[in-house]
Amino acid sequence: MGIKAHFKGNIDATFAAFLAEVERQIIESLCRIGEEVVTLAKLVPPERGFTDRTGNLRSSIGYVVCKDGQPLNIAFEAVKGGHEGVNTGQRLALQVAKDHAEGYTLIVVAGMNYAVYVESKGRDVLTSAEKEAEKLIARELADLITNVQQAFK
């Protein structure tokens, strides 16, 4: 008794193309989640969040998508002239990426050193964004699994 398989074309090339598509979808999903949660974090009203005096704290909110610790997409944007915030946020996100250098990662940060202090006072800097990211990651992962399963049908 045996199983015979017949494949048309080069199986190695087909499998490599399939893996490349899965990787593209993973990266695209992580970038989409990053964009959504950063937008959410930056739109928290001052009554729940914080007053943006210099623009640095809001500008330090951004994300990096990495594969094996190497950045694939870095997204930070200065608001109200907060260029110091952009630089600080990027540095922090890239340092975290080095510390988590295995697989695919989405790193969302509020890079200014006083972000933790603001959160400790009951203000929302990244809290609501983190909760939303957990939901979005679960949804995106489920979609990715469905796509892979459909590819094998």
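Above this text you will find the structure in question.
Residues numbered from 1 in each chain as written. Predicted model: local features only at pLDDT ≥ 70, side-chain atom pairs only at ≥ 80, totals over all residues. Heavy atoms only, no water.

The interhelical angle for the contact between helix α1 (residues 11-42) and helix α5 (residues 127-151), taken along N-to-C directions, is 160°, at an axis separation of 9 Å. With respect to α5, the element α1 is oriented roughly antiparallel. When you trace α1 past α5, the crossing you get is right-handed. Here α1 contributes F18, V22, Q25, I26, S29, R32, I33, E36, V37, L40 and A41 to the contact with α5, which in turn contributes S128, A129, E132, A133, L136, I137, R139, E140, L144, N147, V148 and A151. Among the residues making up the contact of α1 with α5, the classes are represented as 14 nonpolar, four polar and five charged. (Axes fitted to C-alpha atoms, helices over the stretch in contact; angles between N-to-C directions. Helix = DSSP H or I, 4+ residues; strand = E, 2+ residues; numbered from the N terminus. Parallel < 35°, antiparallel > 145°, perpendicular 65-115°, else oblique. Left-handed = near helix turned anticlockwise from the far one by under 90°. Contact = heavy atoms within 4.5 Å. Nonpolar A, V, L, I, M, F, W, Y, C, P; charged D, E, K, R; others polar.)

So, on to helix α3 (residues 83-99). When the terminal C-alpha atoms of α3 are compared, their 25 Å separation across 17 residues agrees well with the 24 Å that a helix rising 1.5 Å per residue should span. On the buried face of α3, the contacting elements are α2 (56-59), β1 (61-67) and β3 (104-110). (Expected span 1.5 Å × (residues − 1).)

Helix length check: α5 (25 residues) gives 36 Å between terminal C-alpha atoms against 36 Å at 1.5 Å per residue, within 8%. Buried within α5 we find S128, A129, A133, L136, E140 and L144. Residues of α5 that are buried sit in contact with α1. (Buried < 20%, exposed > 50% of the residue type's maximum accessible area, 1.4 Å probe, protein only.)

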